[in-house]
Amino acid sequence: MGTVLYECEWVFDRGPFIPLIMIVGGILFHFADPKRFPRAAMVVFVTISALVGGFILVDQIDQYNKIVVAYQQGDYQIVEGYVENFHPMPEGGHDNEHFEIDGIYFEYSDFTAQQGYHNALSRGGVITGDGQHLRIGYIIMESATGNQMLENVIVYIEELP
């Protein structure tokens, strides 16, 4: 038995709050200076912001249903072995962190809104490098980029002795 380093749970990303702030800002701009920001501009701005916020919220609920619920129901794969080909994400981002265990490839980034493990080493992550002995639970998903590729979303990490 090892030490559990990560277990998937519902994480509500702040993504939907950005459009909400834009909605409030659009309304406030209109009332602060109606000549420079007329009612029609406010309505268009608020409508677009609400649609974007709605899409983000729907995506988060979809990810919850596909990833967190599947994990909670035990519907995931497990691989056990040693981390190989570890490529850490640089401090400033601009690249994804990735590694393999027993030929299974994992890739993630702190800069993407996703359920599942996505915490890079440079930002406090638990995957530390080649040779680390882990048991990883993962769900095979269609890539978020919609390019018909599959990605392995990490839902559980246990460090083994």
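Look up a bit, the structure's there.
Each residue is numbered by its place in its chain's sequence as written, counting from 1. Under the rules for a predicted model, residues below a pLDDT of 70 receive no local features and side-chain atom pairs below 80 are neither given nor counted, while totals for whole chains, interfaces and linings still include all residues. To obtain the side-chain values, all non-hydrogen atoms of the structure were used and water was disregarded.

Overview of the sheet that holds strand β4 (residues 104–108)
Heads up, the rule is: DSSP calls a pair of strands paired once it identifies at least 2 bridges connecting them. Here a strand is any run of E in DSSP of at least two residues, a helix any run of H or I of at least four, and the numbering for each starts at the N terminus. Axis definition: a line fit to C-alpha positions, over the contact stretch in the case of helices; interaxial angles, taken between N-to-C directions, run 0 to 180 degrees. Throughout, a contact is declared for two residues whenever any of their heavy atoms are within 4.5 Å.
With antiparallel pairing, the six strands of this open sheet are ordered in space as β1-β6-β5-β2-β3-β4. Both edges of this open sheet fall to β1 (3–7) and β4, since each of them pairs with a single strand only. Each strand of the sheet is rotated relative to its neighbour by a mean of 45°, with strand direction disregarded. Where strand β2 (residues 77–87) lies against strand β3 (residues 97–101), three bridges are found, and the strand directions are antiparallel. By the bridge assignment, His87 is partnered in β3 with His98. In the packing of helix α2 (residues 39–72) onto the sheet, contacts are made with β1, β5 (133–142) and β6 (150–159), and the angle to β5 comes to roughly 135°.

Description of the side chain of Gln63
Rule in force here: Think of it in three bands: with a 1.4 Å probe and only protein chains considered, a residue is buried below 20% of the maximum accessible area for its type, exposed above 50%, and partly exposed in between.
Along the chain, Gln63 falls in helix α2. The class of Gln63 is buried, set by a relative accessible area of 14%.

Considerations on α2
For clarity, the threshold we go by: Each residue after the first adds 1.5 Å to the expected span of a helix. We define the bend at each residue as the angle formed by axes fitted to the 7 residues ending at it and the 7 residues starting at it.
With 34 residues, α2 should reach 50 Å at 1.5 Å per residue; the first-to-last C-alpha distance of 47 Å fits that figure. Along α2, the largest kink reaches about 30° and is centred on Tyr64. Listed as buried for α2 are Met42, Val46, Ser49, Gly53, Gln60, Gln63, Ile67, Val68, Ala70 and Tyr71. Where α2 is buried, its residues touch β1, α1 (17–32), β5 and β6.

Quick word on the packing of α1 against α2
Rule in force here: An angle below 35 degrees is treated as roughly parallel, one above 145 as roughly antiparallel, one from 65 to 115 as roughly perpendicular, and anything else as oblique. Note on residue categories: nonpolar means Ala, Val, Leu, Ile, Met, Phe, Trp, Tyr, Cys or Pro, charged means Asp, Glu, Lys or Arg, and polar means any other residue, Gly included.
Put simply, α1 and α2 touch, their axes get as near as 8 Å, and they point 170° apart. When the axis of α1 is compared with that of α2, the two are roughly antiparallel. Residues Pro19, Met22, Ile23, Gly26, Ile27 and His30 of α1 touch α2, and the partners they reach there are Arg39, Met42, Phe45, Val46, Ser49, Ala50, Val52, Gly53 and Ile56. Each residue belonging to the contact of α1 with α2 can be placed in one class, and the counts come to 10 nonpolar, four polar and one charged.

Notes on unusual backbone geometry
Backbone geometry places Asn85, a non-glycine residue, at a positive phi of 55°. Structurally, Asn85 is set in strand β2. A relative accessible area of 49% means that Asn85 is categorised as partly exposed. Even without glycine at this site, Asp102 takes up a positive phi of about 50°.

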